[in-house]
Amino acid sequence: MSLITVTDVRKRFGENEVLKGITLEVGRGEVVAIIGKSGSGKSTLLRCINGLEQINDGAISVAGAQLLPGEAALRQLRLKIGMIFQSFNLFPHLTAGRNVMLSQQVVKKTPAPEAEGMARRMLEQVGLSEKFDAYPDELSGGQQQRVAIARALAMEPMGLLCDEITSALDPELVSEVLAVVKQLAAEGMTLVMVTHEMKFARDVCDRVVFMHQGRVHEVGPPAEVFANPGTPELKQFLGML
Amino acid sequence: MIEFTYWDIIRNLLLATRWTILLSLVSFIGGGLVGLIVMSMRISKNRIVSAIARGYIELFQGTPLLMQLFLAFFGMALLGFTVPAWLAAGTALILWTAAFLSEIWRGCVQAIAKGQWEASASLAMSRFEQMRYVILPQAIRIAIPPTVGFSVQVVKGTALTSIIGFIELTRAGTTLTNATFQPFLVYGLVALIYFALCWPLSKSSQILERRLNVSHNRH
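Residues numbered from 1 in each chain as written. Chains lettered and ligands numbered in written order. Predicted model: local features only at pLDDT ≥ 70, side-chain atom pairs only at ≥ 80, totals over all residues. Heavy atoms only, no water.

1. Section: the nonpolar core
If you look at the biggest cluster of nonpolar residues, it comprises 69 residues, and the most contacted ones within it are Ile-4 and Val-6 of chain A. In terms of residue count, helix α4 (residues 85-110) of chain B provides more of this core than any other element does, ten residues in total. Not counting the four nearest positions on each side in its chain, Val-6 of chain A is found in contact with Ile-22, Thr-23, Leu-24, Leu-45, Ile-49, Ala-59 and Ile-60 of chain A. Formed by 50 residues, the second largest nonpolar core is a distinct cluster that contains Phe-132, Ala-152, Cys-205 and Val-225 of chain A. (Core = buried A, V, L, I, M, F, W, Y, C linked by side-chain atoms within 4.5 Å. Buried < 20%, exposed > 50% of the residue type's maximum accessible area, 1.4 Å probe, protein only. Helix = DSSP H or I, 4+ residues; strand = E, 2+ residues; numbered from the N terminus. Contact = heavy atoms within 4.5 Å.)

Structure (structure tokens):
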């Protein structure tokens, strides 16, 4: 049974059609990497899944919740799926702990002591239990991104969308974030990640989706996709031509 | 004929200053509340709501405050409502202040990075919750210096209400001039009192701006 169902989704920015009919299913517990050149539409697809971009055509559903315009429907869908961004987007006026507590308290009306307990557990899970009272600008990029992961996890989503979450990090900080993601994957979290970390995609993902010019160009298990790319575009992308 | 000593002049001016201060406070606080509503409407995704707010702002920013005071005072009288000067003055100044504050604050809200909206949206917050817990707390910090700076304009704006007969500092100055025939002395004192009210505001705006800049990312 699939968790995320994307059916013939089209998205235009003005005259420019960025997604030209995408169909994709992501199963529960599956880890999917979306790869492709910049401008191929991979980030846009991710942002469409949780309604940050409005689709022009097609349908998206997450665990039975349809993506519909309107705040109530979006809220239901976003409760089921979290998102991590390239630029972390922590709330700078709140400590790491408060960042993780905020939406539990505001959206789920969780009482403060319970929200704090959850926040401490989640920060511990990403290896930052001692940073509860640190403000975002006192943390390194890698630490900020791990707080962002804890913040998304605290809402207990069924899946996470990861939009190039290591692209803004210094090279030596990439591995600490990927280690957290790898652990999540091992625990059975559904993950859809747009990534440039090919080695990570090969090691951790169940399936690789190659996007090219707004279409899903090739899909398959990483062993197959990376070893025997079927199209010249993927070969070129992987640097094999 | 009554002789006015310097002390008489100063005492009468200071008594009238109370009304200038009161009117400034009412305009600023009332204008702030209305301004918050207009600002929320202005950044609404609903085009009609946003257009109404934009129309309001352009109308009040694009006409002289004096005309607004005349319309509030004489216009209402024409429609059959007798409006006392203090009510017309207060209403016009509140609406005028709201138009400017809402635009100042809109700039501050829009200065907050788009990623803050996206992150809070992805955590399932409603637009109101995003504003209340994520955007406004950050926007307020950058809004304080320009807001305090604008309060100087409000204080000076109250001088115009003398024309519709509200007795505040400027009006008291005119009355005293007529009684003493010493316009330079009286208006000089009036100007000094305005300066004494406004200068601390401008200065604190500058200090706040410097302090908030230095600690741009401090807490």
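2. Structural notes on helix α7 (residues 169-180) of chain B
Residue and element names in this part refer to chain B. Over its twelve residues, α7 runs 16 Å from end to end, which matches the ideal 16 Å to within 8%, given 1.5 Å per residue. Taken as a whole, α7 has its buried residues at Leu-169, Thr-170, Ala-172, Gly-173, Leu-176, Thr-177 and Thr-180. Projected onto a plane normal to the axis of α7, the buried residues spread over an arc of 155° and lie on a single side. Of the residues flanking the start of α7, the one acting as N-cap is Glu-168, its side-chain oxygen 3.1 Å from the backbone nitrogen of Thr-170. (Expected span 1.5 Å × (residues − 1). Arc of directions from axis to C-beta. Polar contact = N/O pair within 3.5 Å; in protein donor to acceptor, adjacent residues only side chain to side chain.)

3. Some details on the interface of chain B and chain A
Taken together, the contact pairs 21 residues of chain B with 26 residues of chain A. Across the interface of chain B and chain A, roughly 2,000 Å² is buried in total on both sides, 59% from carbon and sulfur atoms. At the surface where chain B touches chain A, the tally comes to seven residue pairs in polar contact (both at pLDDT 80 or more). The set of elements that each furnish at least two residues to the side of chain B that touches chain A consists of α5 (114-122) and α6 (127-157) of chain B. If you tally residues by element for the side of chain B that touches chain A, the top one is α5 of chain B, at eight residues. A breakdown of the residues in the side of chain B that touches chain A according to their chemical character gives eight nonpolar, eight polar and five charged. (Buried area = accessible area lost by both parts, 1.4 Å probe. Nonpolar A, V, L, I, M, F, W, Y, C, P; charged D, E, K, R; others polar.)

4. Some points on the sheet that holds strand β9 (residues 207-212) of chain A
Residues and elements named next belong to chain A. The mixed open sheet is built from six strands, whose spatial order is β6-β7-β8-β3-β9-β10. Single-partner strands in this sheet number two, and they are β6 (81-84) and β10 (215-220). Along the sheet, successive strands turn relative to each other by an average axial angle of 20°, direction set aside. As paired strands, strand β7 (residues 159-163) and strand β8 (residues 190-194) are joined by five bridges and run parallel to one another. Looking at β8, one finds that Leu-160 is bridged to Leu-191. Together, β3 (31-35), β6, β7, β8 and β9 form the strand contacts of helix α1 (residues 42-49), whose direction differs from that of β7 by roughly 145°. With respect to the sheet, helix α2 (residues 71-80) is in contact with β6 and β7, its orientation differing from that of β6 by roughly 75°. (Pairing = 2+ DSSP bridges. Axes fitted to C-alpha atoms, helices over the stretch in contact; angles between N-to-C directions.)

5. So, the pattern of salt bridges
Counted by the stated rule, this structure contains 13 salt bridges over all chains. Note that Glu-156 of chain A is salt-bridged to Lys-108 of chain A, the shortest N-O span being 3.5 Å. Here the residue Glu-156 of chain A occupies a position in the loop between α5 (141-153) and β7, and Lys-108 of chain A occupies one in the loop between α3 (96-107) and α4 (112-125), the gap between them amounting to 48 residues. Residue Lys-108 of chain A is classed as partly exposed on the basis of its relative accessible area, which comes to 33%. Via salt bridges that share partners, Arg-47 and Glu-53 of chain A together with Lys-114 and Glu-118 of chain B belong to a single interconnected network. (Salt bridge = Lys/Arg side-chain N within 4 Å of Asp/Glu carboxyl O.)

6. Side note on the pairing of strand β1 (residues 2-13) of chain A
Residue and element names in this part refer to chain A. Note: β1 against strand β2 (residues 16-27), nine bridges, orientation antiparallel. Its bridge partner lying in β2, Arg-10 is registered against Lys-20. If you look at the hairpin formed by β1 and β2, you'll find two residues sitting between the two strands, and Gly-14 has a positive phi there, around 65°.

7. Some words on the packing of aromatic side chains
Residues and elements named next belong to chain B. If you walk through the whole model with that rule in mind, you get eight aromatic pairs over all chains. An angle of 55° between the planes, with centres 5.3 Å apart, marks the rings of Trp-96 and Phe-100 as tilted. Within this pair, Trp-96 and its partner Phe-100 are both found in helix α4, separated by four residues, close to a single helical turn. Residue classification places Trp-96 among the buried residues on the basis of a relative accessible area of 10%. Take Phe-100: its relative accessible area is 24%, and that puts it in the partly exposed class. Where Trp-96 meets Phe-150, the ring centres are 5.6 Å apart and the plane angle is 35°; that geometry is what we call tilted. Of this pair, Trp-96 sits in helix α4 while Phe-150 sits in helix α6, and the two are 54 residues apart along the sequence. Here the two residues Trp-96 and Phe-150 agree in accessibility, since each one is buried. Among the aromatic residues, ring-to-ring pairing joins Phe-70, Phe-73 and Phe-74 into one connected group. (Phe/Tyr/Trp six-rings, centres within 6.5 Å; stacked < 30°, edge-to-face > 60°.)

8. As for the side chain of Arg-146 of chain A
Structurally, Arg-146 of chain A can be placed in helix α5. A residue is classified by how much of its surface remains accessible, and Arg-146 of chain A, at 11% relative accessible area, is buried.

9. Quick notes on the sheet that holds β2 of chain A
All names here are of chain A. Ordered by their spatial adjacency, four strands build an open sheet running β2-β1-β4-β5, and the pairing between neighbours is antiparallel. Each edge of the sheet is formed by a strand with only one pairing partner; in this case those strands are β2 and β5 (65-66). Sheet topology places β1 next to strand β4 (residues 57-62); five bridges connect them, and they run antiparallel. Across the sheet, residue Val-6 finds its bridge partner in β4, namely Ile-60.

10. A few points about the environment of Glu-138 of chain A
Residue and element names in this part refer to chain A. Of note, Glu-138 is situated in the loop between α4 and α5. Residues Glu-138 and Ile-165, 27 residues apart in the sequence, show an inter-C-alpha distance of 19 Å. Of the polar contacts made by the side chain of Glu-138, one reaches the backbone nitrogen of Tyr-135; its length is 2.8 Å.

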